[in-house]
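So you can see what is in the structure, the chains are spelled out below.
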Amino acid sequence: MGINVSTENMEKVFERTEGLKKVKTHYCPGCGHGVVHRLTMETVMELGIQDKTIGIAPVGCSVFAYYYMNVDMQQAAHGRACAVATGIKRMLPNHYVFTYQGDGDLAAIGTAETIHACSRGENITIIFINNAIYGMTGGQMAPTTIEGQKTSTSPEGRDYSMDGMPINMSEIVALLPGTVYVERLAVNNPGRVRKTKKAIMKAFKAQELKKGTSFIEVVSNCNTNWKMTPVEANKWIDDVLLKQYPLGVFKDETGIK
Ligand SMILES: Cc1ncc(C[n+]2csc(CCOP(=O)(O)OP(=O)(O)O)c2C)c(N)n1
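What you see is a predicted model; the values in this text were computed from it and never measured.

Here we take up the overall build of the chain. Counting its regular elements, the chain contains 10 helices and 7 strands. For a compact globule of 257 residues, the expected C-alpha radius of gyration is about 18 Å, and the chain comes in at 18 Å, within 12% of that figure. A principal-axis box enclosing the C-alpha atoms of the chain has dimensions of 60 × 50 × 30 Å. Residues classed as buried in the chain amount to 52% of the 257 residues present. Across the chain, contacts joining residues at least 24 apart in sequence account for 70% of those joining residues at least 6 apart. When the accessible surface of the chain is summed, it comes to about 12400 Å², and 57% of that surface belongs to carbon and sulfur atoms.

Quick look at the site of the ligand now. Near the ligand there are 16 residues, and of these Cys61, Asp103, Gly104, Asp105 and Gly135 occur at the shortest range. Separating an oxygen atom of the ligand from a backbone N or O atom of Gly104 is a distance of 2.8 Å. Backbone polar atom of Asp105 to an oxygen atom of the ligand: 2.8 Å apart, as the coordinates give it. Calculation on the ligand without its partners gives an accessible area of 600 Å², and the protein chains cover 74% of this total. In terms of residues, the shell around the ligand owes the most to one element, helix 4 (residues 103-109), which gives 4 residues. Here the residues of the shell around the ligand sort into 6 nonpolar, 8 polar and 2 charged.

As a further point, take the environment of Thr213. Its location among the elements puts Thr213 in strand 6 (residues 213-219). Judged by relative accessible area, which is 0%, Thr213 ranks as buried. Separated by 92 residues in sequence, Thr213 and Gly121 place their C-alpha atoms 5.1 Å apart. Discounting residues that sit within four places of it in the chain, Thr213 has contacts with Ala117, Cys118, Gly121, Glu122, Ile124, Ile126, Gly178, Thr179, Val180 and Tyr181.

This brings us to the UniProt feature "domain: Thiamine pyrophosphate enzyme TPP-binding" (unreviewed entry) in the chain. Taking the numbering used here, the UniProt-annotated feature "domain: Thiamine pyrophosphate enzyme TPP-binding" (unreviewed entry) corresponds to residues 67-218. As a span, residues 67-218 carries 39% helix and 20% strand, and end to end its C-alpha atoms are 21 Å apart.

Spatially, 7 strands are ordered 2-1-3-4-6-5-7 in an open sheet, and the strand pairing comes out mixed. Looking at the sheet topology across the chains shown, the edges are occupied by strand 2 (72-75) and strand 7 (248-252). On average, each strand axis in the sheet is inclined to that of its neighbour by 15 degrees, with strand direction left out of account. The strands touched by helix 5 (residues 111-120) within the sheet are strand 4 (125-130), strand 5 (179-186) and strand 6, with strand 6 carrying the most contacts at an inclination of about 135 degrees.

One can describe the packing of helix 1 (residues 33-47) onto helix 8 (residues 190-209) by two numbers: an axis separation of 9 Å at closest approach and a directional angle of 45 degrees. By the angle between their directions, the pair helix 1 and helix 8 is classed as oblique. Crossing of helix 1 against helix 8: the hand is right-handed. In contact with Val35, Val36, Arg38, Leu39, Thr40, Glu42, Thr43, Val44, Glu46 and Leu47 of helix 1, helix 8 contributes Val193, Thr196, Lys197, Ile200, Met201, Phe204 and Lys205. Split into classes, the residues belonging to the contact of helix 1 with helix 8 amount to 9 nonpolar, 3 polar and 5 charged.

Criteria and thresholds
Residues numbered from 1 in each chain as written. Predicted model: local features only at pLDDT ≥ 70, side-chain atom pairs only at ≥ 80, totals over all residues. Heavy atoms only, no water. Helix = DSSP H or I, 4+ residues; strand = E, 2+ residues; numbered from the N terminus. Rg over C-alpha atoms; globule rule 2.2 N^0.38 Å. Buried < 20%, exposed > 50% of the residue type's maximum accessible area, 1.4 Å probe, protein only. Contact = heavy atoms within 4.5 Å. Areas by Shrake-Rupley, 256 points an atom, 1.4 Å probe, with all protein chains shown as cover. Near = heavy atom within 4 Å. Polar contact = N/O pair within 3.5 Å; in protein donor to acceptor, adjacent residues only side chain to side chain. Nonpolar A, V, L, I, M, F, W, Y, C, P; charged D, E, K, R; others polar. UniProt positions renumbered as here; feature names shortened; annotations may be inferred. Pairing = 2+ DSSP bridges. Axes fitted to C-alpha atoms, helices over the stretch in contact; angles between N-to-C directions. Parallel < 35°, antiparallel > 145°, perpendicular 65-115°, else oblique. Left-handed = near helix turned anticlockwise from the far one by under 90°.

This is how it looks when you write it as C-alpha cells:
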C-alpha cells in the first residue's frame, strides 16, 4: 500500500551542494567521511571559490575523494599530501589548497611531511580525519589507536608497553610557530557537525590572511573496523575516544570571528 505524502507546504531544509558530484557513495553506512566531504564542499560553494580550490586526496578510504568533490583534485602517495599541497600552493598562491587525510596517512607515513609543512607555515588547510584505525586496509592499528583498542594487528587490544602511545596531532602541531589555527572537532552528533563546518570555513578563510597553516582534526568513526553499529560507534566516541582526544581550539591566531 502506497503512502501519499504531500511535499507542497514543506520547507526544504537540506539540499545536496553543487560542490559534490552526483554519484553513489562507496563509504560504509555510518562512516563520517561523507559528512566531512559535504562540509568541505559546502564551505567551498558558500565562499564561491569552486574554480580556485585544489584538494589533495590521500590513500585510505578517502582515496576516492576526487570522485565526490567537484573541484580540481590531485592524488598524493601515502603520507605525501602536505608536500604535494605545498608545491601546488607555492605555484598557485591565490588558489585555496587543502589536504584531506586519514590518520594512517597523516600521522604514520606522513608524519614528517605534516610536521614540516606546519613548521614552515605553508598557507594551506589540512583536514585530518582521526578514526583511530587504518580503515581501508582492514583495520590495523594506527598511531591514533588508543590503549586497549582491538584492531586486526592488536587483537588483544593495544598495549602501550609493547606498541607505544597514541600521537595527538593537534596538540603537537599547535606548538609549531607555523600554524595559525588548530582545532579538534567531531562529527558524531548534529551539533558537532555544525561546529565542524564553522571550523572548516574559518580554515579556508585563513588562507586569505596568508598567516600560516590551518589544521582541522575531525574525530570520526570506523564502525565497520571497530565492529560496532553506527550508533554504538558514535557513543564510543563520546564515552571513550574523546578522553584521549579532547575537543577544542588549540590555537587561533586568525582573528576571524
Ligand atoms: C605508499 C603506500 N603505502 C601503503 C599503502 C597501503 N595503504 C592504503 S590505505 C592505508 C591505510 C590508510 O588508513 P588511514 O589513513 O587511517 O585512512 P582511513 O582508511 O582510515 O580513512 C594503507 C596503509 C599505500 N596505498 N601506499
